[in-house]
Amino acid sequence: MLRLVYTLLWLVILPLALLRLTWRSRKEPGYLHHVGERLGQYGDLPSDGPWLWVHAVSVGETRAAQPLIDALLAAYPQHRLLLTHMTPTGRQTGAQLYGSNPRVQQCYLPYDVPYMVRRFLSYFRPDVGLIMETEVWPNLVHVTRRAGVPLFLVNARLSPRSYRRTARFGSAASSLYNDFTMVLAQTPGDAERYRALGVKSVQITGNLKFDMQPPEAGMARGQQLRRAFGGRQVLAAASTREGEEPLILEAFSRWPSETRPALLLVPRHPQRFDEVAAMATRAGFTVQRRSALDIEQAGEPITADIVLGDSMGEMVMYYAASDIAYIGGSLIPLGGQNLIEACAVGTPVLMGLHTFNFAQATEDAIAAGACLRVANADELMSAAAGVLGDPARLAEMRANALTFAGLHRGATARTLGALAPVLR
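The structure presented is a predicted model; accordingly, all values stated were derived computationally and were not measured.

Caption draft 1: Quick peek at a positive patch on the surface. Taken together, Arg161, Arg164, Arg165 and Arg168 make up a surface patch of like positive charges. Summarising the element assignment, Arg165 is placed in helix 7 (residues 160-167).

Here is the structure:
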């Protein structure tokens, strides 16, 4: 009954969903591209498979899926891989990673309306579906199960807060998750919460993000960018979210200028690049944009107070150029962003109090000596100053970050093992 009500609501709000694409296209024009795919229309795309289907909603999920996608392509050479998204930035990230690979095809997942989902499935006829992390759509899961397509929730996480919200739906939540062939959880805590919902088939496979290997080209560009700072220390504020930048800029302004490092400020969403650049300028800082830098050509050192990271697909470069990095979304209650990528390049991290999206990874990083938790922006700057002013401590945290990232690898192999029975 709940799913019927949910479907009727989708039919009512579908025109509003299309209007929302138009609204969002004001800042991100990509939302008006490939609209037909969101309605289950794929006639312009080749359908010849067989297909392995991976759904990665946006940028973070797409990057997290990379080790698994690479392993799937290697393990099943007779298959092609269908990579679906919900956001233009996710699709752009997928194109950066796999645009030159003829075995990978991208498209948008349709809205969660049964007949649209059926059109998607009947067009591509995937042999298996892998949904990354938390992207659970009731009709998608139900229709896929009815179509006989094995469906896995991969790299799955369920925070205590999300568990409490989901548990309110009682047997409906249990039925939804039990329509998955298996839930492959990141941590024992995640697995325990899924089982508490009544999910029968749960396996702990670990976090795929630990298997992401920093590309050599990104590391090399990071060293080039670092040299462009002319010997200054660099603090990154990475994947910052709306509402955080004013806090960071205000606290940064109180750092004495004679010891203040360069700030590498990287907003999470590209449509906010101009807004954040203007905000930093109004705060009295000199600002240089990454898009205006030619780091391959050694010129005059960067002297601006802040370099705005206004590019996509270069996070490894930003981390490699930094001495220490704050990971955004954690000073305000948004759950935090991925700290593993920074640790993988040997950059120590600072996290705020709000890390429920990466709770276990954050606690493990703190225990490993790779991460410090801060309560607010002033503590962030104080902690950064303490580490940057102590070369021995900085070196120790760098080593701890690399060790932490290396100890938790292996989720890709465990995930492939869980998929093997349905892909023989």
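Caption draft 2: Layout of the sheet that holds strand 14 (residues 371-373). With parallel pairing, seven strands are arranged side by side in an open sheet as 10-11-9-8-12-13-14. What marks the edges here is a single partner per strand, and that holds for strand 10 (287-289) and strand 14. Across the sheet, the axes of successive neighbouring strands diverge by a mean angle of 25 degrees, strand direction being ignored. Helix 12 (residues 273-282) contacts strand 9 (262-267), strand 10 and strand 11 (306-308) of the sheet and is inclined by roughly 160 degrees relative to strand 10. Where helix 15 (residues 359-367) meets the sheet, it contacts strand 13 (349-351) and strand 14, and its direction lies at approximately 110 degrees from that of strand 14.

Caption draft 3: Looking closely at the domain arrangement of the protein. Each domain of the protein was delimited in the assignment, giving domain 1 (1-211) and domain 2 (216-408). A C-alpha centroid distance of 30 Å is found between domain 1 and domain 2. In this complex, domain 1 contributes 17 residues to the contact, which on the side of domain 2 involves 15 residues. For the pair domain 1 and domain 2, the two sides together bury roughly 1500 Å², of which 61% comes from carbon and sulfur. Taken together, the links from domain 1 to domain 2 amount to one residue pair in polar contact (both at pLDDT 80 or more). Those elements giving two or more residues to the side of domain 1 that touches domain 2 turn out to be helix 3 (59-75) and helix 4 (88-98). The biggest single contributor to the side of domain 1 that touches domain 2 is helix 4, with four residues. Residues that form the side of domain 1 that touches domain 2 fall into these classes: two nonpolar, eight polar and seven charged.

Caption draft 4: Examining the nonpolar core more closely. In this structure, Leu225, Leu264, Ile302, Tyr319, Ile327 and Leu339 are the most contacted members of the largest nonpolar core, which totals 39 residues. Counting residues per element, this core draws most heavily on helix 13 (residues 315-320), which supplies five residues. Among all residues touching Tyr319, those that are not within four sequence positions of it are Ala238, Ala325, Ile327, Asn338, Glu341, Ala342, Val345 and Thr347. Counting residues in each nonpolar core, the second largest holds 32 residues, with Trp51, Trp53, Leu121 and Val141 among its members.

Caption draft 5: Inspection of the UniProt feature "active site" (unreviewed entry) in the protein at higher detail. Here the UniProt feature "active site" (unreviewed entry) sits at Glu61. Within the secondary structure, Glu61 is located in helix 3. For Glu61, a relative accessible area of 13% gives the class buried. Beyond its immediate sequence surroundings of up to four residues, Glu61 is in contact with Ala56, Met132 and Glu133. There is a polar contact of 3.2 Å between the side chain of Glu61 and the backbone nitrogen of Ser58.

Caption draft 6: Representation of a nonpolar patch on the surface. On the surface, Met1, Leu4, Val5, Leu8, Leu9, Leu11 and Tyr115 cluster together to form a nonpolar patch covering roughly 730 Å² of accessible area. The biggest single contributor to the nonpolar patch is helix 1 (residues 2-24), with five residues. Examined against the element boundaries, Leu8 turns out to sit in helix 1. A residue is classified by how much of its surface remains accessible, and Leu8, at 48% relative accessible area, is partly exposed.

Caption draft 7: Layout of the packing of helix 3 against helix 18 (residues 411-419). At a closest axis distance of 10 Å, the pairing of helix 3 and helix 18 adopts a crossing angle of 50 degrees. Judged by the inter-axis angle, helix 3 sits oblique to helix 18. Judged by the sense of rotation from one axis to the other, the crossing of helix 3 with helix 18 is right-handed. Between helix 3 and helix 18, the residues in contact are Pro67, Leu68, Ala71 and Leu72 and Thr412, Thr415, Leu416 and Leu419, respectively. When its residues are assigned to classes, the contact of helix 3 with helix 18 shows six nonpolar, two polar and no charged.

Caption draft 8: Geometry of the pairing of strand 9. Most of strand 9 sits out of view: six of its six residues are buried. Taking every second residue as pointing to the same face, both faces of strand 9 are buried, with Ala262, Leu264 and Val266 on one and Leu263, Leu265 and Pro267 on the other. For strand 8 (residues 234-240) and strand 9, the ladder comprises six bridges, and the chain directions are parallel. For Val234, the partnering residue across the bridge sits in strand 9 and is Ala262.

Caption draft 9: Up close: the sheet that holds strand 2 (residues 80-85). Pairing in this open sheet of seven strands is parallel, and the strands run 3-2-1-4-5-6-7 from one edge to the other. Whereas interior strands pair on both sides, the edge strands pair on one side only; in this sheet they are strand 3 (104-108) and strand 7 (202-204). For this sheet, the mean inter-axis angle between neighbouring strands, taken without regard to orientation, is 20 degrees. Across three bridges, the pairing between strand 5 (residues 151-156) and strand 6 (residues 182-185) is parallel. If you follow Ala156 over to strand 6, its bridge partner there is Ala185.

Conventions used here
- Residues numbered from 1 in each chain as written.
- Predicted model: local features only at pLDDT ≥ 70, side-chain atom pairs only at ≥ 80, totals over all residues.
- Heavy atoms only, no water.
- Patch = residues over 30% accessible without salt bridge, like charges linked within 9 Å, V, L, I, M, F, W, Y side chains within 5 Å.
- Areas by Shrake-Rupley, 256 points an atom, 1.4 Å probe, with all protein chains shown as cover.
- Salt bridge = Lys/Arg side-chain N within 4 Å of Asp/Glu carboxyl O.
- Lys, Arg positive; Asp, Glu negative; His and termini not counted.
- Charge placed at Lys NZ, Arg CZ, Asp CG, Glu CD.
- Helix = DSSP H or I, 4+ residues; strand = E, 2+ residues; numbered from the N terminus.
- Pairing = 2+ DSSP bridges.
- Axes fitted to C-alpha atoms, helices over the stretch in contact; angles between N-to-C directions.
- Contact = heavy atoms within 4.5 Å.
- Domains from an automatic or database assignment.
- Buried area = accessible area lost by both parts, 1.4 Å probe.
- Polar contact = N/O pair within 3.5 Å; in protein donor to acceptor, adjacent residues only side chain to side chain.
- Nonpolar A, V, L, I, M, F, W, Y, C, P; charged D, E, K, R; others polar.
- Core = buried A, V, L, I, M, F, W, Y, C linked by side-chain atoms within 4.5 Å.
- Buried < 20%, exposed > 50% of the residue type's maximum accessible area, 1.4 Å probe, protein only.
- UniProt positions renumbered as here; feature names shortened; annotations may be inferred.
- Parallel < 35°, antiparallel > 145°, perpendicular 65-115°, else oblique.
- Left-handed = near helix turned anticlockwise from the far one by under 90°.

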